[in-house]
Amino acid sequence: MATYNLSINSKDHNIEADPQMPLLWVIRELVGLTGTKYGCGIAQCGACTVQLNGNPVRSCSLPVSMVAGQPITTIEGLSPDNSHPIQKAWIAEQVPQCGYCQSGQIMTAAALLKRTPNPTDADIDNAMQGHICRCGTYTRIRKAIKTAAHLANQ
Amino acid sequence: MQNPRPNISRRNFITQTGLTGIALTLGIVLPGCGNDKGGVVNVSQGNGAGAGTELMSWISVDQSGKVYIMNHRSEMGQGTSQAIPQIIAEELEVTLDQVSIRSAPANPKKYGPQPSDGSFSVRGWHKQLLLAGASARQMLITAAADRWKVPVSECYARSGEVIHHPSGKKLGYGALVEEAAKLPPPQNVVLKERKDYTVIGRPMPRLDTPLKTNGTAVFGLDKKLPGMLYAMVERSPRFRGKVKSIDDSASMAIAGVKRVLKVRRPVFGTWYEGVAVVADTLWGAMQARKALKVEWDDDGIERLDSDKLRARMLEDLKKPGPSEKFEAAYAKAAKKLEAVYETPYQSHSCMEPLNCIADVRDNSIEVWGPIQEANWIQAYLSENMKMPAANITVNMTFLGGGFGRKASPDYPYEAAYISREMKAPVQVVWTREDDMTMGLFRTGSAYACRGGLDAHGNISAFQAITASQPFGEGTDEDGKPGPASDNSGNMSGLLAGYLQSIPHYSFGWCAVKSIIPTIWWRAPNAHSDGFAGESFIDELAFAAGKDPLEFRKAHLPGARYQALIEKLETVSGWKGRGRKEGWGVAITQCFGSTVGHIVKVSKRPDGKIKIEKVFSVIDCGWYVNPDIISAQLEGSIVMGLGAAIKHETHFKDGMAVEKNFDTYPMPRIHDIPDIEVHIMENNEAAGGVGEPGLPPFAPALCNAIFDLTGKRIRKLPFNLEEV
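Thresholds applied
- Residues numbered from 1 in each chain as written.
- Chains lettered and ligands numbered in written order.
- Predicted model: local features only at pLDDT ≥ 70, side-chain atom pairs only at ≥ 80, totals over all residues.
- Helix = DSSP H or I, 4+ residues; strand = E, 2+ residues; numbered from the N terminus.
- Rg over C-alpha atoms; globule rule 2.2 N^0.38 Å.
- Buried ≥ 20, exposed ≤ 12 C-beta atoms within 10 Å, placed from the backbone.
- Pairing = 2+ DSSP bridges.
- Axes fitted to C-alpha atoms, helices over the stretch in contact; angles between N-to-C directions.
- Contact = placed C-beta atoms within 7 Å.
- Arc of directions from axis to C-beta.
- Expected span 1.5 Å × (residues − 1).
- Core = buried A, V, L, I, M, F, W, Y, C linked by C-beta atoms within 7 Å.
- pLDDT = per-residue confidence, 0-100.

The next subject is the overall build of chain A. Secondary structure summary: chain A contains six helices and five strands in total. Written out in order from the N terminus, the α and β elements of chain A read β-β-α-β-β-β-α-α-α-α-α. Over its C-alpha trace chain A gives a radius of gyration of 15 Å, about what one expects of a compact globule, namely 15 Å for 154 residues. Taking the principal axes of the C-alpha coordinates as reference, chain A spans close to 45 × 30 × 25 Å. Out of the 154 residues in chain A, the part that is buried amounts to 59%.

Shown next as structure tokens:
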């Protein structure tokens, strides 16, 4: 066990954890933020995606020892009131069905939009292909990212 | 849909014994035995619903005017939590922002049957829901008229208020609740006509969406209880294996580990064994499980391989005895065709792996989890834990997908078993690998189809023999099927209209010997039968030299089929398409709805096939929310695409091979074609929407590939890259 200082959603958390414990479980079980989901544990599905230094990362495969001191943003930190353009667009396009994968999808889409304010279809494919949605909301995800780009540019 | 396969009953009705409450609370009564009329009772009175009444769901209006609707159906993405309030709001004359939805726990005192299956939520209950909303509205209007001492006929309701038309006086529902609750429910409520609807039929945004975009929706895995322990279970990699020995020394040495114990879970009628590690943290349980050593006794259990199983299925196709009448008709056909089709075993792979919390006390059990079949789970726990069902509450969280897998009581039972042993609330967590390898699975199937055409190119004889596993724990006995049928029965998914135009048809089924546990998977049976049926119809159309859509049209009498086909033609520009340009069609039917897909494929510059577009038309009769219907069809197409070209569960040496998404690939965003959904407008009986869009995708895709390449695909899944 070791002590780590984590900056999650601009708040400091002192936690004690096994250095090998993946960030996903630290966030969910030790910090208590459950919007970030477990899907596969091997960085294949994207449900666990959070932003580390603004970049989307698979928290299920990142040991906590590797992330201390770097700013982490989870779905709860994107905006608590659904005011981020991506969240607004997700609601406008009625993207979620079961909703389980959507936190991860949204965190990657938000990072994409920051980097590429007007993403093409190819940009969206490249950014989002690491995510699985078993309900099959992909066509709406694509549409919502474009809607969000429009909202953000207004 | 008649099907010769046995099916375990998925609905049980539970008796309501009476409720009390200060709000105006209306319960919806289910048709009792011998009584085909539903009804509405005012349960505030406590005497409206006596013993023997079956109460399904309820609405309450409290004194602040807020409307509470118990959603008694699981919300796993299909939109029940939106559709049910939308139906009630229409007749109750409230806006959706006045409505709050609660997920109803399984409780035999209050709610009736709750399984979310058979795409049944709307088609099964909408009439009673409309009636409940209208009855409450009428009682509130009567209460207002009484208070104002004016005739009821001068009053109407709008947006949660009763309005006296001549004077313009208004009273909110909240102010009327106490008086309204004392009134008996009206006997002859007049329901609105569809043309007057302002809520039903509109694409109202889902009320659960904002919870799913900011991380606040609580799924099973997100639920925590004070003092809760975590359990992970090592289960026999071969189905039905028993625990021979446990070495827990390394596990018990891990900090926070409380106990290692043998557990069991019910897979239909068979108990499966496992070894649970219980710890005060999830991480501790995970580490302890890795350190656990278990030896399994699986002697005498057949170690199946996929190839062997497939060979057995193909042999089983020969088992049903001949139908003499069919054989005679087939012998006379001007042209004869035979084909064999195969579909794979697959996992459900819900994004949320299985998990469940149970808190078993001396006199009660409470369960929380992503659950599709609350009543079934309750019944299982009651029977096996010797606890009256009335003392068992099953709470449904949001489900991160369900697709039929979360209908089985096995994983909730595991949680309850461990909780009872530990005398503490316990959450059982399955890893993705557990979820993908331990079953239960979609059964694989094989089909032998034979068809005859008459001199005019019409189908004169049609037969489909199926070999597959029934839903359940499997069997180690060889199937002993009866003879194939004679102008009776059907396969799932095949349009009933064909059987009106085909003079001789025949169906048969052989249950395959296999101990792989199987369970319903989105659009049960139809997902596979539909592939065989609509592929073979397409082969017959080609053999007859007919346009595939015209051929179907000629064989499908009935205005609804004809209208759906015409709609498919129009929206896709079917008649103007070029020959051999990659167009395919398939139409199937299940759960009261008919769906046709037209798939357009093309060749990429590198010669590989690209799925460009899907035109989809659904006839689901009376419907509630067109946007949710579109979403369900889009999702069904994506799931159908995955099942057709992406993944399969193989078995080797008696164990499932694919363990995670690295070897069990899923469709991803770049795989998805353009999808265009159209809904037929009519006022026919409401049909399901969560499942019927899946079965026609695979055959429409394969028919399109045949159109483009001349190559028939008869075995799923196939690699699109290698066509």
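Further notes follow.
Our next topic: the sheet that holds strand β20 (residues 459-468) of chain B. Strand pairs in the sheet, formed through backbone hydrogen bonds, run parallel or antiparallel to each other. Residues and elements named next belong to chain B. Strand order in the open sheet made by the four strands is β14-β19-β20-β21, with mixed pairing throughout. Edge positions in the sheet fall to β14 (335-343) and β21 (504-511), since each has one partner strand and no second. Averaged over all pairs of adjacent strands, the angle between their axes in this sheet comes to 10 degrees, without regard to strand direction. Lying over the sheet, helix α8 (residues 324-331) contacts β14, β19 (445-453), β20 and β21, oriented at roughly 130 degrees with respect to β20.

Right, let's talk about helix α5 (residues 121-128) of chain A for a bit. All names here are of chain A. Of the positions making up α5, those classed as buried are I124, A127 and M128. Taken around the axis of α5, the buried residues stretch over an arc of 80 degrees, which confines them to a single face. In this fold, the buried residues of α5 make contact with α4 (102-115) and α6 (138-153).

Residues and elements named next belong to chain B. Here helix α13 (residues 526-543) contains 18 residues, and its C-alpha end-to-end distance of 25 Å stays within 8% of the 26 Å for a straight helix at 1.5 Å per residue. Judged by how many residues are buried, α13 sits mostly within the fold: 16 of 18 residues are covered. The first or second residue beyond α13 is G545, which carries a positive phi of 70 degrees.

Turning next to the pairing of strand β18 (residues 426-429) of chain B. Residues and elements named next belong to chain B. Burial of the side chains of β18 extends over both faces: V426 and V428 are buried on one face and Q427 and V429 on the other. Pairing geometry for strand β9 (residues 229-235) and β18, over three bridges, is parallel. For A231, the partnering residue across the bridge sits in β18 and is V428. Across four bridges, strand β15 (residues 355-360) lies against β18 in antiparallel orientation. Residue pairing across strands places I357 opposite Q427, the latter belonging to β18.

Moving on: unusual backbone geometry. With an omega of 5 degrees, the peptide bond running from G439 of chain B to L440 of chain B counts as cis. When you line up the elements, L440 of chain B lands in the loop between α11 (432-437) and β19. The omega torsion of the bond from L716 of chain B to P717 of chain B falls at -10 degrees, within 30 degrees of zero and hence cis. Note that P717 of chain B resides in the segment after α17 (697-709). The phi angle at A43 of chain A is positive, at roughly 60 degrees, despite the residue not being glycine. One can find A43 of chain A in the loop between α1 (23-31) and β3 (49-52). Assessed through the 19 C-beta atoms surrounding it within 10 Å, A43 of chain A is described here as partly exposed. Unusually for a residue other than glycine, R240 of chain B sits at a positive phi of about 80 degrees. Its location among the elements puts R240 of chain B in the loop between β9 and β10 (242-247).

A common way to state how big an interface is: give the accessible area lost once the parts meet. Listed as interface residues are 44 residues of chain B and, on the opposing side, 44 residues of chain A. Contributions of two or more residues to the side of chain B that touches chain A are made by α4 (209-212), α6 (282-291) and α16 (626-645) of chain B. Looking at the side of chain B that touches chain A, the element that brings in the most residues is α16 of chain B, giving seven residues.

Residues and elements named next belong to chain B. By size, the foremost hydrophobic cluster in this structure holds 259 residues, and its most contacted members are L140, A231, V277, A285 and L701. The element that contributes the greatest number of residues to this core is helix α2 (residues 121-148), accounting for 13 residues. The contacts of V277, once residues within four sequence positions are left out, are A231, M232, S251, V257, V260, A285, A288, R289 and L292.

Right, let's get into the sheet that holds strand β23 (residues 593-603) of chain B. Residue and element names in this part refer to chain B. Reading across the sheet, the four strands line up as β22-β23-β24-β27 and stay open at both edges, with mixed pairing between neighbours. Two strands bound the open sheet, and with one partner strand each, they are β22 (583-590) and β27 (674-679). The mean inter-strand angle of the sheet, taken between neighbouring strand axes irrespective of direction, is 15 degrees. Where β23 lies against strand β24 (residues 609-619), ten bridges are found, and the strand directions are antiparallel. The partner of K603 across the bridge, within β24, is I609.

This part takes up the environment of E433 of chain B. Residue and element names in this part refer to chain B. Here E433 shows up in helix α11. For E433, a count of 16 C-beta atoms within 10 Å corresponds to the partly exposed category. For the pair E433 and A467, spaced 34 residues apart in sequence, the C-alpha separation works out to 28 Å. Those residues within four positions of E433 in sequence are excluded, and the remaining contacts are K659 and N660.

Residues and elements named next belong to chain B. The predicted model of chain B averages 90 in pLDDT, with 90% of residues at 70 or higher. Confidence drops under a pLDDT of 50 for residues 1-21, and excluding neighbours within four residues, the segment shows 56 contacts in the predicted structure. When the criterion is pLDDT under 50, residues 31-37 qualifies, and its contacts beyond four places in sequence or with other chains add up to five contacts.

All names here are of chain A. Along the chain, A17 falls in strand β2 (residues 11-17). Look at A17 and you get buried, because 22 C-beta atoms sit within 10 Å. With 125 residues separating them in the primary sequence, A17 and R142 have C-alpha atoms 38 Å apart. Contacts of A17, omitting those with residues within four sequence positions, involve M1, A2, Y4, V26, L30 and V64.

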